[in-house]
Amino acid sequence: MAGLWLLLAQPAADLTWHDSESHFWLVLVVAVINVALGVRMSSAASARSDARLFLVSLAFLSSAGFFALHALATPGVLLHHANAGFDVSQPIGLAVAAIFAVASSLQLDDRRAAAVLRAQPLLQIGLATLIVFWAVISLLDLPPLNATPGTREVEGPLIVIAFLTVALYIFAAFRYYLLHRRTPAAMLISVVTAFVLLAEAMVTVTLAHKWQLSWWGWHVLLAFAFGFVAYSAYVQYGREGTSAGLFDAITLDRTAKAIRAEYGAALEELVTELEERERSGGPAPHVAGRLAERFGLSEGQTAVLDRAAAALSAEREVSRKLNTLFRHYLSPDVAAALIADPDQAALGGSVVEVTALFADLRGFTTFSEGVEPAEIVAMLNRYHGVAVPSILDNGGTIVQFVGDALLALFNAPARQPDHALRAIRAAMQMQVAVEAIAEERPDWPRFRVGANTGPALVGNIGSEALRGFNAMGDAVNVAARLQTLAQPGQVIIGQHTMLAAGDRVKSEPLGDLEVKGRVQTVSAYLVTGLT
């Protein structure tokens, strides 16, 4: 866009290049390739019965189709003179594509998605009819497309249409960017980029004079817009060895869930087959082949399964040990989620209401100064040996150990309607178990616990090289501060946790407390028991 502005501001630099044959072949080849891409996307939409993917395919088909019409109407190739069909085909195509782009970006519930799928044949026939009808009128030089064109391709009422089209593309790009933020995917970001480039192409075709460098610019923008999506599909194909899942990242949430369920079924059947082979001690022929045929697995996935089945006898014990180690270094819920869906290891997260539980040992630093490191480790291991089961048995997820402290989450990653009560129950059980140990070793420090409920950003935080499952937000920070206000053996909770847990919690109100690093006070309660 900066280049367009420079060319328009310096007319002497906006050179004219009038080469009809180069224009014809360049535009036609790019358009045909991307019509094929749109057809492949439409086929994937039909296979998945996905309304969003279908609407995206129409956006690309309409834009690429009218791009081809622009090529066919190039003056001096099939037609001897320029007509309005050459000028307005691409602005109209971009406008039609923008409508489909915005429709695809909207929240499509089951009812709306079903309506789109019911209208699928009509929309396809309607778009094809419009393109064919336009081609006939334009190439036969019939009215109204035989009108004498102006110096620009967008004039008069088309300027208003161009302005609205740009706004629609920007809106659609923003909506897809939000989807990418929620579930990062290369195909989603390529669609965002494509819609932004199509908006820029509309601006360029509106402002530029025909056959000048600025005018050629919108052709380049369109080629790049289509190219980003085509390249992402190519990379995905190279990774998977099949075209089956090229556009799965664009699909609706309902479709994505169905795809995950399908992969889960394939994994479950694979495990069953391999376990049967292990029990029988004999070969399990054609396991990978049957799964590939049934679930549409890629060549790469099938080859991996084949090698896994062939090497099972030698690798089974190693696999079991690795799985055990994996689970020892991650909370079971996080480990299970990653094993079921490795994509969940991607950086990012989502806002979820959680109950955070912080626990640390009061007087740990002083204790550490007077004993040997081996005794410190023995104490921590013994304490954590009862604290960890208390948390896990109540459905908690231990996020991290930091020295003598630990952080656990409830309601993430697994959803738990009673997560506040679970956290309080875990904290009380942990204190009872620790108290039993402390009676034997009165010189050891004891845990103090704080818990708080509220929204937090939960997900994978770190870098591409190293990351960890964690939670961030004011609710988590408040839990950490409440823990510092507790005495050894006590559990202090926030007001939101108290309200969420209900009347099963016995407590004493502590009033509005000032906590370090926070301007507002926190209403806190000392838990005295559970009914």
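What this report covers is the structure whose coordinates are included nearby. (Residues numbered from 1 in each chain as written. Predicted model: local features only at pLDDT ≥ 70, side-chain atom pairs only at ≥ 80, totals over all residues. Heavy atoms only, no water.)

**Structural notes on the pattern of salt bridges**
Moving on, step 1. Going through the model one piece at a time under the given rule, you end up with eight salt bridges.
Moving on, step 2. With its nearest N and O atoms 2.4 Å apart, the salt bridge here joins Glu435 to Arg446. Residue Glu435 is found in helix α17 (residues 419-440), and its partner Arg446 is found in strand β4 (residues 446-462); the two are separated by 11 residues along the sequence.
Moving on, step 3. Taking relative accessible area as the criterion, Arg446 reaches 28% and is therefore assigned partly exposed.
Moving on, step 4. Counted as one network, the salt bridges with shared partners bring together Glu375, Arg441 and Asp443. (Salt bridge = Lys/Arg side-chain N within 4 Å of Asp/Glu carboxyl O. Helix = DSSP H or I, 4+ residues; strand = E, 2+ residues; numbered from the N terminus. Buried < 20%, exposed > 50% of the residue type's maximum accessible area, 1.4 Å probe, protein only.)

**Re unusual backbone geometry**
Most peptide bonds adopt trans geometry, and most residues besides glycine take a negative phi value.
Moving on, step 1. With an omega of 5°, the peptide bond running from Pro143 to Pro144 counts as cis.
Moving on, step 2. You can see Pro144 is positioned in the loop between α6 (120-139) and α7 (157-182).
Moving on, step 3. In this model, Ala412 is joined to Pro413 through a cis peptide bond whose omega is 0°.
Moving on, step 4. By the element assignment, Pro413 lies in the loop between β3 (405-410) and α17.
Moving on, step 5. For Ser49, which is not glycine, the phi torsion reads 50° and is therefore positive.
Moving on, step 6. Looking at Ser49, the relative accessible area reads 39%, which means it is partly exposed.

**Thoughts on the packing of aromatic side chains**
Moving on, step 1. Per the counting criterion, the structure on display carries 17 aromatic pairs.
Moving on, step 2. Ring geometry for Phe24 versus Trp25: centroids 4.9 Å apart, planes at 80°, classification edge-to-face.
Moving on, step 3. Owing to a relative accessible area of 51%, Trp25 belongs among the exposed residues under this scheme.
Moving on, step 4. Measuring from ring centre to ring centre gives 6.3 Å for Phe67 and Phe226, while their planes differ by 50°; the resulting arrangement is tilted. On the criterion of sequence distance, the pair formed by Phe67 in helix α3 (residues 51-72) and Phe226 in helix α9 (residues 213-240) is long-range, its members being 159 residues apart. Note on accessibility: Phe67 and Phe226 belong to one class, buried.
Moving on, step 5. In this structure an aromatic cluster arises from ring pairing among Trp17, Phe60, Phe67, Phe86, Tyr169, Tyr176, Phe195, Trp211, Trp215, Trp216, Trp218 and Phe226. (Phe/Tyr/Trp six-rings, centres within 6.5 Å; stacked < 30°, edge-to-face > 60°.)

**Observations regarding the nonpolar core**
Moving on, step 1. Core analysis: the largest hydrophobic core is formed by 81 residues, its most contacted members being Tyr169, Tyr176, Phe195 and Phe247.
Moving on, step 2. When residues of this core are traced back to their parent elements, those giving at least two are α2 (20-48), α3, α4 (84-105), α5 (110-118), α6, α7, α8 (186-207) and α9.
Moving on, step 3. A total of 15 residues in this core trace back to one element, the largest contributor, which is α3.
Moving on, step 4. Contacts of Tyr176, omitting those with residues within four sequence positions, involve Arg52, Val56, Ala101, Ser104, Ser105, Leu188, Val191, Val192, Phe195 and Ile250.
Moving on, step 5. One finds Leu361, Met379, Met430 and Ile437 within the second-largest nonpolar core, a separate group that totals 38 residues. (Core = buried A, V, L, I, M, F, W, Y, C linked by side-chain atoms within 4.5 Å. Contact = heavy atoms within 4.5 Å.)

**Observations concerning the packing of α3 against α4**
Moving on, step 1. Interaxial distance between α3 and α4 falls to 8 Å at its minimum, and their mutual angle equals 175°. Considering their axes alone, α3 and α4 lie roughly antiparallel with respect to each other. In contact with Arg52, Leu55, Val56, Leu58, Ala59, Ser62, Ser63, Phe66, Phe67, Leu69 and His70 of α3, α4 contributes Phe86, Ser89, Gln90, Ile92, Gly93, Leu94, Val96, Ala97, Phe100, Ala101, Ala103 and Ser104.
Moving on, step 2. Class assignment of the residues belonging to the contact of α3 with α4 gives a composition of 15 nonpolar, seven polar and one charged. (Axes fitted to C-alpha atoms, helices over the stretch in contact; angles between N-to-C directions. Parallel < 35°, antiparallel > 145°, perpendicular 65-115°, else oblique. Nonpolar A, V, L, I, M, F, W, Y, C, P; charged D, E, K, R; others polar.)

**Some remarks on the packing of α2 against α3**
Moving on, step 1. At a closest axis distance of 8 Å, the pairing of α2 and α3 adopts a crossing angle of 160°. Viewed along their axes, α2 and α3 adopt a mutual orientation that is roughly antiparallel. Between α2 and α3 the crossing geometry is left-handed. (Left-handed = near helix turned anticlockwise from the far one by under 90°.)

**Some remarks on the environment of Gln107**
Moving on, step 1. Here Gln107 lies in the loop between α4 and α5.
Moving on, step 2. According to the relative accessible area criterion, Gln107 is exposed, its value standing at 54%.
Moving on, step 3. With 55 residues separating them in the primary sequence, Gln107 and Arg52 have C-alpha atoms 9.2 Å apart.
Moving on, step 4. Sequence-distant contacts of Gln107, that is, excluding residues within four places in its chain, are made with Arg112 and Arg175.

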